[in-house]
Structures are given as C-alpha cells and as structure tokens.
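Now for the letters of each chain:
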Amino acid sequence: GGWAVRVELRADASELARIAARHEFDMIGLSAATRRAIPRAAETVQALRGVIRPGVPIVLGGPLTTYEKTAAEQIGADMAATAAVLALREVEQGC
C-alpha cells in the first residue's frame, strides 16, 4: 500500500494538464496560499477536468483553506483539506 507523490512547482494550468493527461493519478492536490490564487486555481481545475479520468478527486490544500472555507467550491475542486493526511483519508473513504 501507500501513495506515490509527484510534486510540480511553478507549473501553469496547461503544463499540469499535460502532466495529468500522461499519467493515471488517483488524486490531484493543489495548494493555494491567498485569495489572489483563486482565479488561477480555478483555471487549473478546469484544465485538469478536461484530461483526467472521471471520478479522480481534485483536492485543494494550503493556507487558503484555513480561512476561506468555500475556496474548494469556488475553484471547482472536490474538497479542501488543511493537511495532506486528511485529504488522503477522505479520498480513501470515497470523498
């Protein structure tokens, strides 16, 4: 068991979509620090939805999720998690 993790720093929405199209991820996590990240995160989620398998959850994490409780909904993610381990538990339980 366990999870294999791939980290992409500074990749834009189109690059993340290209990566996601080449791999069969079981979950995709995005991180956002401030409200200013919401438009870019929404663009990224939209690009990812166009290439990932149906049912692959997109999870929002990062500092933004601690004070903007509707951030995941605003960007079109399936859920928000304040810690990676919490996201993994939710995904394992079927969101």
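J.: Help me understand the sheet that holds strand β2 (residues 58–61), please; the structure alone is not making it clear to me.
T.: Strand order in the open sheet formed by three strands is β1-β2-β3, and the pairing between neighbours is parallel. If you trace the sheet from one side to the other, it starts and ends with β1 (28–31) and β3 (79–80), each paired once. Sheet topology note: the β1/β2 ladder contains four bridges and is parallel. Opposite Ser31, over in β2, you have Gly61 as the bridge partner.

J.: Explanation requested: unusual backbone geometry in the structure shown.
T.: Peptide bonds are trans in most cases, and residues, glycine excluded, mostly fall at negative phi. Located in the positive-phi region is Arg10, a residue other than glycine, with phi close to 65 degrees. On the basis of relative accessible area, Arg10 is assigned to the exposed category, the value being 80%.

J.: Mind showing me how you'd approach the environment of Pro63 here?
T.: With respect to the secondary-structure elements, Pro63 resides in the loop between β2 and α3 (64–67). You can call Pro63 partly exposed: its relative accessible area is 45%. Beyond its immediate sequence surroundings of up to four residues, Pro63 is in contact with Ala32 and Ala33.

J.: In this structure, what is going on with the nonpolar core? I would like to understand it.
T.: Counting residues in each nonpolar core, the largest one holds 19 residues, and the members touching the most others are Ile28, Leu30, Leu48, Ile58, Leu60 and Ile75. Listed by contribution, the elements that provide at least two residues to this core are α1 (13–22), β1, α2 (38–49), β2 and α4 (71–75). The greatest single-element share of this core, amounting to four residues, is contributed by α2. What Leu30 contacts, discounting residues up to four positions off in sequence, is Leu16, Ala41, Thr44, Val45, Leu48, Ile58, Val59, Leu60 and Gly61.

J.: Is there a simple way to explain the packing of α1 against α2 in this structure?
T.: Two quantities define a packed helix pair, namely the angle between the axes and the distance from one axis to the other. Close contact between α1 and α2 brings their axes to 9 Å; oriented N to C, the two are set at 30 degrees. Judged by the inter-axis angle, α1 sits roughly parallel to α2. Crossing hand, α1 versus α2: right-handed. Touching Ala13, Leu16, Ala17 and Ala20 of α1 are Glu43, Thr44, Ala47 and Leu48, all from α2. In terms of residue class, the contact of α1 with α2 is built from six nonpolar, one polar and one charged.

J.: Would you mind showing me how to read α1 here?
T.: Helical periodicity: at 3.6 residues per turn, an α-helix aligns residues three or four positions apart in one direction. If you check which residues of α1 are buried, you get Ala13, Leu16, Ala17, Ile19 and Ala20. On an axial view of α1, the arc spanned by its buried residues comes to 160 degrees, and they lie on one face. Its buried side turned inward, α1 meets β1 and α2.

J.: Please clarify how the pattern of salt bridges should be interpreted in this entry.
T.: Per the counting criterion, the structure on display carries six salt bridges. For Glu8, the salt bridge identified is with Arg6, shortest N-O distance 2.7 Å. Among the ionic pairs, Glu24 bridges to Arg53, the shortest N-O distance being 3.8 Å. Here the residue Glu24 occupies a position in the loop between α1 and β1, and Arg53 occupies one in the loop between α2 and β2, the gap between them amounting to 29 residues.

Cut-offs used in this document
- Residues numbered from 1 in each chain as written.
- Predicted model: local features only at pLDDT ≥ 70, side-chain atom pairs only at ≥ 80, totals over all residues.
- Heavy atoms only, no water.
- Pairing = 2+ DSSP bridges.
- Helix = DSSP H or I, 4+ residues; strand = E, 2+ residues; numbered from the N terminus.
- Buried < 20%, exposed > 50% of the residue type's maximum accessible area, 1.4 Å probe, protein only.
- Contact = heavy atoms within 4.5 Å.
- Core = buried A, V, L, I, M, F, W, Y, C linked by side-chain atoms within 4.5 Å.
- Axes fitted to C-alpha atoms, helices over the stretch in contact; angles between N-to-C directions.
- Parallel < 35°, antiparallel > 145°, perpendicular 65-115°, else oblique.
- Left-handed = near helix turned anticlockwise from the far one by under 90°.
- Nonpolar A, V, L, I, M, F, W, Y, C, P; charged D, E, K, R; others polar.
- Arc of directions from axis to C-beta.
- Salt bridge = Lys/Arg side-chain N within 4 Å of Asp/Glu carboxyl O.

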